[in-house]
Number of protein chains: 2
Amino acid sequence: MAVEPSTPEPSTPGTVRPGGRTARVRAAVLRAAEDALVEHGFSGLDLGDIAQRAEVGRTTVYRRWGSTTALVADLLADMAEQSLPRTDSGSLAGDLRANARLVQRTLADPRQGALFRAVIVAATCDPDAAEALRHFYRRRVEEWAPCVTAAVERGELPPDTDGSEVVRAVSAPLYYRMLTTAEPLDEASADRAAEAAEAAARAGAYRRRDA
Amino acid sequence: MAVEPSTPEPSTPGTVRPGGRTARVRAAVLRAAEDALVEHGFSGLDLGDIAQRAEVGRTTVYRRWGSTTALVADLLADMAEQSLPRTDSGSLAGDLRANARLVQRTLADPRQGALFRAVIVAATCDPDAAEALRHFYRRRVEEWAPCVTAAVERGELPPDTDGSEVVRAVSAPLYYRMLTTAEPLDEASADRAAEAAEAAARAGAYRRRDA
DNA sequence: CCCTTAATGGGACTCCCGTTCCGTTAGGAT
DNA sequence: ATCCTAACGGAACGGGAGTCCCATTAAGGG
């Protein structure tokens, strides 16, 4: 029988020699992808256009990522690395408001807001991008949940309150507002989201249910 | 100067003779679009494929709608027409829970859930689809807001509570959960959303701020 | 029932996205 | 410094989405 000399696991490009040029190409392409997403949204994403912006060969982009969703998934992985440390105000109300305003400012910012809408779209179109998006939000929630735990320990909230659930409750109305209404995301809506989450938490709405 | 005999406002097809065949074509195409959205999502939407499913000429679909986003916008307008009447349980908690469970069942349903994700994506890709989506949710919220107003009149909630805001607060965590986590949307999450919204409303988080 | 023309449908054409082929460049190990 | 080959980049190719043209069908008014 003939030995197969070809294709000894081509694997994915960029994994064997991840340094030097490969890393530069990845950085340039991810930055270009971000720009393109902000300008045209996910549906208008064109890998050829991204290659030009990044001053990289079209073939390279198609070979390394292959699809717009895979590229966005990689971008999300990159975004998840650079999570801002949360500020700590000392009080639950202050912490939740700080979180709400951070989310609000992010979504209201022309560049960041467009980017987030785009990655959400990508996640709804592809399982891998969806997993990357979930990972991103898991990180974000984990970053902020401790401020709720601290409030529980201070006795401000019921003992078995689910911190992650409270943090998610702060973001949810802001995302929902962005997606389903035309009203601008202002500070008032952020403060309202924080206030509502705190009130519900105090009332015990986010206590852990027996699984 | 020569008179222009051509193109005396071609206008949009389907507006001059909306009956008979035109209506049948629209219905068939919208149903086909719904099926296609459920199967492949918005990003996989192909007008040629829809034409085949609807047993309609490709040219017709391209001429009448022109783009996938415009087609989805029309589908959303159609969906907004058929809004279910809300049930009235008599108590605020019961009404909010009924609403939450309706949303939860809709989003958890394989067909309806996929459809909603798809139209949200379309709305994030195109201004007209976005306006159609906003109109859809405006109708939905208006349908349910009265149960909050009734609770206010019964003295269950602060007098200047914004009913629409409470209704949106019920839906928000369910949509947020669907988009950013992999956890299934179960009845427990629906009940928690309703409970949280009620607690926040009682605490006055949704009182109208001076604009 | 007949006439006008709005609306549809098939087929050919164009353009651009994604792929393939192969020569060139530069990591990284020795 | 030298070699091996992973990774890149240019160019040509193929296929499918969207457009155009014109013949055919059937609303809807008289």
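About the cut-offs
- Residues numbered from 1 in each chain as written.
- Chains lettered and ligands numbered in written order.
- Predicted model: local features only at pLDDT ≥ 70, side-chain atom pairs only at ≥ 80, totals over all residues.
- Heavy atoms only, no water.
- Phe/Tyr/Trp six-rings, centres within 6.5 Å; stacked < 30°, edge-to-face > 60°.
- Helix = DSSP H or I, 4+ residues; strand = E, 2+ residues; numbered from the N terminus.
- Buried < 20%, exposed > 50% of the residue type's maximum accessible area, 1.4 Å probe, protein only.
- Least-squares fit on C-alpha atoms with pLDDT ≥ 70 in both.
- Contact = heavy atoms within 4.5 Å.
- Axes fitted to C-alpha atoms, helices over the stretch in contact; angles between N-to-C directions.
- Left-handed = near helix turned anticlockwise from the far one by under 90°.
- Nonpolar A, V, L, I, M, F, W, Y, C, P; charged D, E, K, R; others polar.
- Parallel < 35°, antiparallel > 145°, perpendicular 65-115°, else oblique.
- Polar contact = N/O pair within 3.5 Å; in protein donor to acceptor, adjacent residues only side chain to side chain.
- pLDDT = per-residue confidence, 0-100.

Quick word on the packing of aromatic side chains
- If you walk through the whole model with that rule in mind, you get ten aromatic pairs over all chains.
- Aromatic pair Tyr175 of chain A and Tyr176 of chain B: ring centres 5.3 Å apart, planes at 55°, arrangement tilted. In this pair, Tyr175 of chain A sits in helix H8 (residues 163-180) while Tyr176 of chain B sits in helix H8 (residues 163-180), so the two residues belong to two different chains.
- Consider the rings of Tyr137 of chain B and Tyr175 of chain B, whose centres lie 5.9 Å apart with planes at 80°: the pair is edge-to-face. Residue Tyr137 of chain B is located in helix H7 (residues 127-153), and its partner Tyr175 of chain B is located in helix H8; the two are separated by 38 residues in the primary sequence. Of the two residues, Tyr137 of chain B and Tyr175 of chain B, neither departs from the other in class, the shared state being buried.
- Through pairs of rings, three or more aromatic residues link up here, namely Phe116, Phe136, Tyr137 and Tyr175 of chain A together with Tyr176 of chain B.

Quick notes on the relation of the copies chain B and chain A
- It takes a turn of 180° to lay chain B on chain A, together with a shift of 0.0 Å along the axis; the resulting RMSD is 0.0 Å. In symmetry terms, the pair is related by a two-fold rotation axis.
- A share of 100% of interface residues in chain B that are also interface residues in chain A marks the association as one of identical surfaces.

Observations concerning the packing of H8 of chain A against helix H9 (residues 187-202) of chain A
Residue and element names in this part refer to chain A.
- At a closest axis distance of 9 Å, the pairing of H8 and H9 adopts a crossing angle of 145°. Both H8 and H9 take part in a crossing whose hand is right-handed. Seen from H8, the contacting residues are Val166, Ala169, Val170, Pro173, Leu174 and Arg177; seen from H9, they are Ser189, Ala190, Ala193, Ala197 and Ala201.
- Class assignment for the residues of the contact of H8 with H9 results in nine nonpolar, one polar and one charged.

Section: the packing of helix H5 (residues 92-108) of chain B against helix H9 (residues 187-202) of chain B
All names here are of chain B.
- Where H5 contacts H9, the two axes come as close as 8 Å, and the packing angle between them is 140°. With respect to H9, the axis of H5 lies oblique. Of the two elements, H5 crosses H9, and the hand of that crossing is right-handed. For the pair formed by H5 and H9, the contact residues are Leu92, Ala93, Leu96, Arg97, Ala100, Arg101 and Gln104 on the first element and Glu187, Ala190, Asp191, Ala194 and Glu198 on the second.
- Across the contact of H5 with H9, the residue classes tally to six nonpolar, one polar and five charged.

A word on the environment of Thr181 of chain B
Residue and element names in this part refer to chain B.
- For Thr181, the location among the structural elements is in the loop between H8 and H9.
- Reaching out from Thr181, the side chain makes a polar contact with the backbone oxygen of Arg177 at a distance of 2.9 Å.
- A distance of 3.3 Å separates a polar atom in the side chain of Thr181 from the backbone nitrogen of Glu183.

Overview of the confidence of the model for chain A
- Confidence in the prediction of chain A, expressed as mean pLDDT, is 92, and 91% of residues score 70 or more.
- Throughout residues 1-9 of chain A the model reports pLDDT below 50, and contacts reaching past four residues in sequence, or to other chains, amount to zero contacts.

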